[in-house]
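As a plain string of letters, each chain reads:
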Amino acid sequence: MSKRNIAAVIFLVIVAVFFVFSALMMHPFGEPEKTEMDQYIIDNTQGETGADNGVTSVVFDYRGFDTLGEATVLFTAVASVILIFRRLKK
Amino acid sequence: MIFNIPFIAVAALVLIGLYAVVFKRNLIKIVIGITLIESGVNLFLITLAYRKDSTAPIYTASPGGIMSMPVPHALTLTSIVIGVAVLALMLSLVVYIYRHYKTLDVRKIGGGEEE
Amino acid sequence: MSGMSKIVKTITSIAFPFTMIYGLYIIAHGHLTPGGGFQGGAVVASRCAMILFAYGSVWTMGKIKEKHLSGLESLGAIGFICLAFFGLIFGLQYFFNNFLVGEKGLNLIFNQLAIGASNINTAGVLPLMNFAVGLKVIAGLFGIVLVMAYATSLKEGK
């Protein structure tokens, strides 16, 4: 066992203890603590947006900027893949 | 302790993915480990949005009662699409490396081993 | 990659329009039922990838060039940004404003366009945004699969 393997095992054990300890210390499953913003969205989504679907009104109307950023990431990834394989074809 | 089983499942997924990234030598296995970590994070986001005895936050033909919180559902949608795009880019880079070096071992590509 | 046998090609051609209509239904009814632009776009893109598997990548690349797919994706992105800018001009001074909801001047004509059994035209700008994002996701995912399948069928050392 080289020195690199021993260091990797110690790192993995420390991270595993940290993750399991914090998974047991989370709030009980099904009782979140602060829900005022989501309760406002559920109560007013039919009046302000006109849509029946709560998730679509959050994705496109209340939080539209995140959708704009995601469209940019998707466009960049597709352009990069086509660029890599254009070089291999020639 | 048995009430927190979804959170323990998230921790198990992330730890198995991290083991695959650190200890394996084949490039394709490292890419699979990264995908496992992304799946663990998506599961964690959905687990945070549940209230007790609630249904989906949609008004069309809903059975009534309280509804789940819709904001983490929207964030998970974005995360899944970004995961697909990053996976496509990683796999095309692996194809490009194989054409150039003729091997997929992660310790033989690059400048060579450090002494 | 080469295509499959004749039975697979026939069945794929017959079942192609039905599942395309199912995917477009998911995109169009995004504001009433679960679904929307991203989910319906993934369904239609995986249907187009099945055509690629059945007929072989060399034949498909002869019919559809990837610059047409890239142009379609840019069209979807430009449509999405234009709809966001119209909220700045026609509505109040907010970016991304939803300006087609309510009973004001232009909306009385626009909201009577498609009243029927399922009332698809109720949510203002939201169905139009769903179409733009759906077109972008279809062209993007199909372009990725087509280019990767064609490039692995070339000879080594080229």
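Note that the structure is a prediction, hence the values are computed from the model and not measured. Within every chain, residues take consecutive numbers counted from 1 along the sequence as written. All chains are assigned letters beginning at A, and all ligands numbers beginning at 1, according to the order in which they are written. Per-residue local features of the predicted model are confined to residues with pLDDT of at least 70, and side-chain atom pairs are confined, for both listing and counting, to 80 or more; whole-chain, interface and lining totals are unaffected and use all residues.

Caption draft 1: Spatial organisation of the overall build of chain C. Secondary structure counts use DSSP, requiring at least four H or I residues in a row for a helix and at least two E residues in a row for a strand, with both numbered from the N terminus. Along its length, chain C carries 6 helices and 0 strands. The secondary structure elements of chain C, listed N-terminal to C-terminal, are α-α-α-α-α-α. Around each residue's C-beta, the other C-beta atoms within 10 Å are counted; 20 or more make the residue buried, 12 or fewer make it exposed, and counts in between make it partly exposed. All C-beta atoms are placed from the backbone. Taking all 158 residues of chain C together, 35% fall into the buried category. Contacts in chain C between residues far apart in sequence, at least 24 positions, make up 72% of those at least 6 positions apart. Here, residue contact means that the backbone-derived C-beta atoms of the two residues sit within 7 Å.

Caption draft 2: Representation of the interface of chain A and chain B within the structure. Taken together, the contacts link 36 residues of chain A with 39 residues of chain B. Every element with two or more residues in the side of chain A that touches chain B is listed here: helix H1 (3–24), helix H2 (36–48), helix H3 (54–62) and helix H4 (64–89) of chain A. If one sorts the elements of the side of chain A that touches chain B by residue count, H4 of chain A sits on top with 10 residues. Partitioning the side of chain A that touches chain B into residue classes produces 24 nonpolar, 6 polar and 6 charged. Polarity classes work like this: nonpolar for Ala, Val, Leu, Ile, Met, Phe, Trp, Tyr, Cys and Pro, charged for Asp, Glu, Lys and Arg, and polar for all others, with Gly in that last group.

Caption draft 3: Examining helix H2 (residues 37–55) of chain C more closely. To estimate the expected span of a helix, count its residues, drop one, and scale the result by 1.5 Å. With 19 residues, H2 of chain C ought to run about 27 Å at 1.5 Å a step, and its terminal C-alpha atoms sit 28 Å apart, in line with that. Every buried residue of H2 of chain C is accounted for by Gly-37, Phe-38, Gly-40, Gly-41, Val-43, Val-44, Ala-45, Arg-47 and Leu-52 of chain C. The elements touched by buried residues of H2 of chain C are helix H3 (71–101) of chain B together with helix H1 (6–28), helix H3 (57–63) and helix H6 (126–151) of chain C. Directly beyond the C-terminal end of H2 of chain C, a positive phi value near 90° is found at Gly-56 of chain C.

Caption draft 4: Structural context of the interface of chain C and chain A. The interface of chain C with chain A comprises 26 residues on the first partner and 19 residues on the second. Looking at the side of chain C that touches chain A element by element, the count peaks at 10 residues for H6 of chain C. For the side of chain C that touches chain A, the residue count by class is 14 nonpolar, 9 polar and 3 charged.

Caption draft 5: Spotlight on the packing of H3 of chain A against H3 of chain B. Only the stretch in contact is used when fitting a helix axis, every axis being a line fitted to C-alpha atoms; angles between N-to-C directions are given from 0 to 180 degrees. Contact geometry of H3 of chain A with H3 of chain B gives a least axis separation of 9 Å together with a crossing angle of 65°. Here H3 of chain A runs over H3 of chain B; the crossing is right-handed. Residues Val-55, Val-58 and Val-59 of chain A of H3 of chain A form the contact with H3 of chain B, whose own contacting residues are Val-71, His-73, Ala-74 and Leu-77 of chain B. By residue class, the composition of the contact of H3 of chain A with H3 of chain B is 6 nonpolar, 1 polar and no charged. Take the far helix as the reference: if the near one is turned anticlockwise from it by less than a right angle, the crossing is left-handed, and if turned clockwise, right-handed.

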